[in-house]
Amino acid sequence: MPPALTLPDGRILPLDPPLVMGIVNVTPDSFSDGGLLADGQTAVAHGLGLAAEGAGIVDIGGESTRPGHALIDADTERARVLPVIAGLQAKSDVPISIDSWKSEVAEAALSTGAGIVNDVWGAQRDPRIAAVAAQAGAPIILMHNRDAIDASLDIVDEVLRFLERSIAIARAAGVPDGQIVVDPGIGFGKTPRQNLDLIDRLGRLAVLGCPILLGASRKSTLGKVTGRAVPAERLAASLSAHLYGASRGAAIIRAHDVAPHVDALKVWRAIADETQVF
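Described below are features of the structure shown in this document. Bear in mind the structure is a predicted one, so any value in this text is a computation, not a measurement. (Residues numbered from 1 in each chain as written. Predicted model: local features only at pLDDT ≥ 70, side-chain atom pairs only at ≥ 80, totals over all residues. Heavy atoms only, no water.)

Some details on the overall build of the protein chain
Scanning the protein chain from terminus to terminus reveals 9 helices and 10 strands. In summary, the protein chain has a C-alpha radius of gyration of 17 Å against a globular reference of 19 Å for 278 residues, a match within 12%. Considered along the principal axes of its C-alpha atoms, the protein chain spans approximately 45 × 40 × 40 Å. Contacts spanning at least 24 positions in sequence make up 66% of the contacts within the protein chain whose residues lie at least 6 apart. (Helix = DSSP H or I, 4+ residues; strand = E, 2+ residues; numbered from the N terminus. Rg over C-alpha atoms; globule rule 2.2 N^0.38 Å. Contact = heavy atoms within 4.5 Å.)

Right under this line is the structure:
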């Protein structure tokens, strides 16, 4: 049976072919677009635009996760994301995910209209977030993360062990296996070479038995490979990394530039599926 997620409202979200998760950063300091969507109305309009471009999920975050980012409290984060979630939910039926590791932010977001929890610390920084997802009937995305880079690590083994712990936390909290997605955390506590190796060996995460999310969009590793210092100029690199990841089993692609990714995945799918006739 093709992978799919069940949203709290009962809708089924198929993951085959891979879907695109569009990014809405309601932050002043995100690495690529910090400050551009800090105004709530602008963020809602951007989310609606991503949905119109074909995003299967719109991911809303209120705290930057770039290296050296400033930590914020839950009240500040809620004040940033809840109006955007409410505004988007009122005007579109696109599924919304809340990008937060804080259980109280996730709980408020789910009550406001979000349907998926996207935790950049894999339920290991605030384990209660798994229970929040379970109680709401929401899928949870568990991402690998590290506080510090260690170039000596076998990064795939490190990611597998971390995500095994995260999955165990989610299961113990009552999240069904079919509602758990894993993310290798490209750009989080890893060297550029480790990031590239994770994309190359993404298929090894299949042993975890969960759909895989890949988010390499505009990441600094791509800038180092291409020489593109400006994140917004890394579209071609992002497409390349994500199509490679799709060929290795990625079921969700998290991207800033939704329309080009939707088109690229359509062509990738058509090439691989000889039953499609045009």
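Moving on from the coordinates now.
Quick notes on the pattern of salt bridges
What the rule picks out here adds up to 17 salt bridges. Notably, a salt bridge pairs Glu63 with Lys102, separated by 2.9 Å at the nearest N-O pair. Separated by 39 residues along the polypeptide, Glu63 in the loop between strand 4 (57–61) and helix 2 (74–91) and Lys102 in the loop between strand 5 (96–99) and helix 3 (103–112) bring together distant segments of the chain. In this structure Lys102 comes out as buried when scored by relative accessible area, which is 6%. Of the charged contacts in the structure, one is a salt bridge between Arg161 and Asp157, with a shortest N-O distance of 2.4 Å. Of this pair, Arg161 and Asp157 both sit in helix 5 (residues 155–173), 4 residues apart, which is roughly one turn of that helix. With a relative accessible area of 32%, Arg161 lands in the partly exposed category. Taken together, the shared-partner salt bridges in this structure form one network comprising Asp59, Asp99 and Arg254. (Salt bridge = Lys/Arg side-chain N within 4 Å of Asp/Glu carboxyl O. Buried < 20%, exposed > 50% of the residue type's maximum accessible area, 1.4 Å probe, protein only.)

A look at the nonpolar core
The biggest cluster of nonpolar side chains holds 62 residues, and the ones touching the most others in it are Ile60, Ile98, Ile140 and Leu205. When residues in this core are grouped by element, the largest group, 8 residues, is from helix 5. In this structure, Ile60 is in contact with Val24, Val26, Val81, Val84, Ile85, Leu88, Ile96, Ser97, Ile98 and Asp99, ignoring residues within four places of it in sequence. Ranked by size, the runner-up nonpolar core spans 13 residues in total, among them Leu7, Leu13, Met21 and Leu213. (Core = buried A, V, L, I, M, F, W, Y, C linked by side-chain atoms within 4.5 Å.)

Section: helix 4 (residues 128–136)
Within helix 4 the residues assigned to the buried category are Ile129, Ala130, Ala131, Val132 and Ala133. On its buried side, helix 4 packs onto helix 3, strand 6 (116–119), strand 7 (140–143) and helix 5. Phi turns positive, to about 70°, at Gly137, one or two residues after helix 4.

A look at the packing of helix 3 against helix 4
One way to put it is that helix 3 packs onto helix 4 with a least axis distance of 8 Å and a crossing angle of 15°. With respect to each other, helix 3 and helix 4 are oriented roughly parallel. The two elements helix 3 and helix 4 cross, and the hand of that crossing is right-handed. Of the residues in helix 4, those in contact with Ser103, Glu104, Ala106, Glu107 and Leu110 of helix 3 are Arg128, Ile129, Val132, Ala133 and Ala136. For the contact of helix 3 with helix 4, the class distribution of residues is 6 nonpolar, 1 polar and 3 charged. (Axes fitted to C-alpha atoms, helices over the stretch in contact; angles between N-to-C directions. Parallel < 35°, antiparallel > 145°, perpendicular 65-115°, else oblique. Left-handed = near helix turned anticlockwise from the far one by under 90°. Nonpolar A, V, L, I, M, F, W, Y, C, P; charged D, E, K, R; others polar.)

Examining the side chain of Ser166
Its place among the elements puts Ser166 in helix 5. On the accessibility criterion, Ser166 (0% relative accessible area) is buried. Discounting residues that sit within four places of it in the chain, Ser166 has contacts with Gly122, Gln124 and Leu142.

Some points on the environment of Val159
Of note, Val159 is situated in helix 5. Looking at Val159, the relative accessible area reads 0%, which means it is buried. Residues Val159 and Trp268, spaced 109 residues apart in sequence, show a C-alpha to C-alpha distance of 27 Å. Val159 has contacts with His144, Pro184, Lys190, Leu198 and Leu205, leaving out every residue within four places of it along the chain.

Considering unusual backbone geometry
In terms of backbone geometry, most residues other than glycine have negative phi values and most peptide bonds are trans. Cis geometry marks the peptide bond from Asp16 to Pro17, where omega comes out at 10°. As for its position among the elements, Pro17 is in the loop between strand 2 (12–14) and strand 3 (19–25).

Quick look at the packing of aromatic side chains
Applying the stated criterion across every chain yields a total of 0 aromatic pairs. The lysine or arginine in question, Arg125, covers the ring of Trp121, its NZ or CZ lying 3.8 Å from the ring centre. (Phe/Tyr/Trp six-rings, centres within 6.5 Å; stacked < 30°, edge-to-face > 60°. Lys NZ or Arg CZ within 6 Å of the ring centre and 35° of its normal.)

On their own, these measurements won't tell you what the molecule is for.
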